[in-house]
2 protein chains.
Amino acid sequence: MHEFDLIQQYFTWTHAPSEVRVSVGDDAAVLQVSPDEELMISVDTLVNGVHFPLNTPAHAIAYKALAVNLSDLAAMGATPRWFTLALTLPAVDIAWLEEFARGLKELASQAGIFLIGGDTTRGPLSITIQVMGTSAKQQALLRKGAQVGDAIFVSGYLGDAAAGLAVAQQRLSLPTATADYCLQRLHYPSPRLALGQWLQGRAHSCMDISDGLVADLKHLLKRSQVGANIYHQNLPFSPALQKLNLSTALVLALTGGDDYELLFTAPESLLAEIETYQLVNQITITKIGEVTDKITELSLDYDLVNLPDGYNHFQ
Amino acid sequence: MHEFDLIQQYFTWTHAPSEVRVSVGDDAAVLQVSPDEELMISVDTLVNGVHFPLNTPAHAIAYKALAVNLSDLAAMGATPRWFTLALTLPAVDIAWLEEFARGLKELASQAGIFLIGGDTTRGPLSITIQVMGTSAKQQALLRKGAQVGDAIFVSGYLGDAAAGLAVAQQRLSLPTATADYCLQRLHYPSPRLALGQWLQGRAHSCMDISDGLVADLKHLLKRSQVGANIYHQNLPFSPALQKLNLSTALVLALTGGDDYELLFTAPESLLAEIETYQLVNQITITKIGEVTDKITELSLDYDLVNLPDGYNHFQ
């Protein structure tokens, strides 16, 4: 766990008002604001040089800042509605601002979310976006709810964005086309909003993968009080990652982060419906393991002892 | 107008969904989220060394970060309900975090607002808080609505926080007790929540004073399409500011900012009720001028041409 995750403990308040169904600790807070509807709220900050490489284009920064927040709404199965933007800039640069606004608007129109307010301040470049979405009541997908025997699924491919970051930081060398693809996945994540909405009433638990499969799955196991077996041969690799040696690809997929794919558990019986959903919606959904009764134990059938340079062991 | 206010134009989106009653440009956004209730949302970022002096105590930083946001809810007359915190820290410092959490909780319990989520990241110290409040529908106080002939009022005293900042930056020297009082007003603003709620249905327009009376009143005049006469002898000065020479006190009160008092317009006939409200609630409310038909013209009966060193002209 990151030291910065530990900080959350200072801001976990007890005695929540009755309308607060979920607060700190899931992908979004869930508020019962009207008799039929729930409001889901999530906030994420992106800091220059920490969450995106220095000199990332403004268009990509804006796109990603909104995308990672939308991904939290996707993980709840919420319909995106409104967002606010708090933008801290070192100086006023009109060309930069125009590109930033263009990136923001591009994804916002796609996702059907509307900017309702914000704040602009001077300081080191950082972007905080808060998204709000709604859903029919009691329908939010939570990290809690995984059941022993559930199949564990992920959407899309894992590790591509981590490979992109390694390329940007010159820790990994790839052929130009492959490098471009991985950088694209790093800068322009695809929030899985439609899939999240489809999973409401179908999945038992769900979250998005932002810190890497292993770190995030552990959060889900803890909230659900279950364990998991993961099979390394089932992990979905893009054609780009299939070209790397297996250990490198596995480290990227298991610990890399920035995927913004959905990780969910559901009864095995959902497999047939998922087959159809994949075909109709042109999205890869892969069964990577199953839920066990070994509480918070994550078992992987591959020994990652000998890691390539530049990566920390995930456990 | 600050160059950073101009940035807002890049993020003012047209074609708002029907439930968005007010978006960018007022103290908070107003959303019609249920048949009877409106949701008000506001976000503010505080950056180290920009919005508070370097080495401000963590308790004060947290208190102020929440207070300036609550002040926006006060300006709408909303009841505070929930907030999120996005905290960017250069490093993990447990003692600092404990003090920060204590300051946050202190004001949150006073104001009856609950922390529902957040994000903690590594980077230069900055705090973004988003507050949400509710109100009966169509009751939100807006900057728009001031009517020709309205009296213009402010709560509390003006200029104390600006004097505190000048003391902290060693631009102003004051006796210890006075300096302490001004620094207290700088670090611990008092969001006027009860007053804002009381003004619903009574005031024609309202906003909070964060950038200084002149700058903020101009926003109100623009949104309401009216003008204003302000009388310098009516401006409310604390005992601390009464000891300064008149020009200095006026500059602090007119242009200083960080007051977080309410500025509102109402019919002259409200004066009698305001007299009673002041006595019962131990708060100073002062009539400082009146609304005219000279659209966006702000007239002040004092010539501030010869400003003391260290201050910019307000015009």
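### Observations regarding the overall build of chain A
Next up, step 1: Of the regular secondary structure elements, chain A holds 10 helices and 12 strands.
Next up, step 2: For chain A, whose C-alpha radius of gyration is 19 Å, the value lies close to the compact-globule estimate of 20 Å for 315 residues.
Next up, step 3: C-alpha atoms of chain A, sized along the principal axes, occupy 55 × 55 × 45 Å.
Next up, step 4: The proportion of buried residues among the 315 residues of chain A is 50%.
Next up, step 5: If you take every contact in chain A between residues at least 6 apart in sequence, the share linking residues at least 24 apart comes to 83%.

### A look at the interface of chain A and chain B
Next up, step 1: With 47 residues of chain A at the interface, the matching set in chain B holds 47 residues.
Next up, step 2: Put simply, the parts of the chain that give the side of chain A that touches chain B at least two residues each are α1 (3-6), β2 (29-32), β3 (37-47), β4 (79-89), α3 (94-111), β5 (114-122) and β6 (126-136) of chain A.
Next up, step 3: Each residue belonging to the side of chain A that touches chain B can be placed in one class, and the counts come to 27 nonpolar, 15 polar and 5 charged.

### Notes on the relation of the copies chain A and chain B
Note: a rotation about an axis with an accompanying shift along it relates these two copies of the chain.
Next up, step 1: When chain A is brought onto chain B, the operation consists of a screw motion whose angular component is 180° and whose axial shift is 0.0 Å, with 0.0 Å RMSD remaining. Such a combination of turn and shift is consistent with a two-fold rotation axis. Identified as the residue of chain A closest to the rotation axis by C-alpha distance is A:Ser34, at 2.8 Å.
Next up, step 2: The fraction of interface residues of chain A whose copies in chain B are also interface residues reaches 100%, indicating that both copies meet through the same surface.

### Considerations on the packing of helix α4 (residues 160-168) of chain A against helix α5 (residues 176-187) of chain A
All names here are of chain A.
Next up, step 1: Close contact between α4 and α5 brings their axes to 7 Å; oriented N to C, the two are set at 110°. With respect to α5, the axis of α4 lies roughly perpendicular. The crossing of α4 and α5 is left-handed. Residue-level inspection shows Asp 160, Ala 161, Ala 163, Gly 164, Leu 165, Val 167 and Ala 168 of α4 in contact with α5, the latter providing Ala 179, Cys 182, Leu 183, Arg 185 and Leu 186.
Next up, step 2: Partitioned by chemical class, the residues of the contact of α4 with α5 number 9 nonpolar, 1 polar and 2 charged.

### Some words on the sheet that holds strand β1 (residues 20-22) of chain B
Residue and element names in this part refer to chain B.
Next up, step 1: Pairing within the open sheet is mixed, and its 6 strands lie in the order β1-β2-β3-β6-β4-β5. In this open sheet, the two strands that pair with only one neighbour each are β1 and β5 (114-122). Each adjacent strand pair in this sheet contributes to an overall mean axis angle of 20°, direction not counted.
Next up, step 2: Pairing of strand β4 (residues 79-89) with β5 involves 8 bridges; the strand directions are parallel. Across the sheet, Thr 84 pairs through a bridge with Gly 117, a residue of β5.
Next up, step 3: In the packing of helix α2 (residues 58-76) onto the sheet, the strands contacted are β3 (37-47), β4 and β6 (126-136), and the crossing angle to β6 comes to about 30°.

### A word on the packing of helix α2 (residues 58-76) of chain A against α3(A)
All names here are of chain A.
Next up, step 1: Put simply, α2 and α3 touch, their axes get as near as 7 Å, and they point 35° apart. Like other packed secondary-structure pairs, α2 and α3 cross with a definite hand, here right-handed. In contact with Ala 58, His 59, Ala 60, Ile 61, Ala 62, Tyr 63, Leu 66, Ala 67 and Leu 70 of α2, α3 contributes Trp 96, Glu 99, Phe 100, Arg 102, Gly 103, Leu 104, Glu 106, Leu 107, Ala 108 and Ala 111.
Next up, step 2: Residue composition of the contact of α2 with α3, by class: 14 nonpolar, 2 polar and 3 charged.

### Some words on the nonpolar core
Next up, step 1: If you look at the biggest cluster of nonpolar residues, it comprises 194 residues, and the most contacted ones within it are A:Met40 and B:Met40.
Next up, step 2: If sequence neighbours within four positions are ignored, B:Met40 has contacts with B:Ala28, B:Ala29, B:Val30, B:Leu73, B:Met76, B:Ala78, B:Met132, B:Gly133, B:Ser135 and B:Ala140.

### Quick word on the confidence of the model for chain A
Residues and elements named next belong to chain A.
Next up, step 1: Across chain A, the average pLDDT comes to 91, with 95% of residues at 70 or higher.
Next up, step 2: Counting contacts from residues 307-315, a segment whose pLDDT is below 50, to residues more than four positions away or on other chains yields 12 contacts.
Next up, step 3: Scored as a complex, the prediction yields pTM 0.91 and ipTM 0.88.

### Regarding the domain arrangement of chain A
Buried accessible area, meaning the area lost when the parts come together, often serves as the stated size of an interface.
Residue and element names in this part refer to chain A.
Next up, step 1: Each domain of chain A was delimited in the assignment, giving domain 1 (3-136) and domain 2 (151-300).
Next up, step 2: Between domain 1 and domain 2, the contact holds 20 residues from the first and 19 residues from the second.
Next up, step 3: Counting residues per element, the ones that place at least two in the side of domain 1 that touches domain 2 are α2 and β4.
Next up, step 4: Of all the elements, α2 adds the most residues to the side of domain 1 that touches domain 2, at 12 residues.
Next up, step 5: Broken down by class, the residue content of the side of domain 1 that touches domain 2 amounts to 12 nonpolar, 5 polar and 3 charged.

Rules used in this analysis
Residues numbered from 1 in each chain as written. Chains lettered and ligands numbered in written order. Predicted model: local features only at pLDDT ≥ 70, side-chain atom pairs only at ≥ 80, totals over all residues. Helix = DSSP H or I, 4+ residues; strand = E, 2+ residues; numbered from the N terminus. Rg over C-alpha atoms; globule rule 2.2 N^0.38 Å. Buried ≥ 20, exposed ≤ 12 C-beta atoms within 10 Å, placed from the backbone. Contact = placed C-beta atoms within 7 Å. Nonpolar A, V, L, I, M, F, W, Y, C, P; charged D, E, K, R; others polar. Least-squares fit on C-alpha atoms with pLDDT ≥ 70 in both. Axes fitted to C-alpha atoms, helices over the stretch in contact; angles between N-to-C directions. Parallel < 35°, antiparallel > 145°, perpendicular 65-115°, else oblique. Left-handed = near helix turned anticlockwise from the far one by under 90°. Pairing = 2+ DSSP bridges. Core = buried A, V, L, I, M, F, W, Y, C linked by C-beta atoms within 7 Å. pLDDT = per-residue confidence, 0-100. Domains from an automatic or database assignment.

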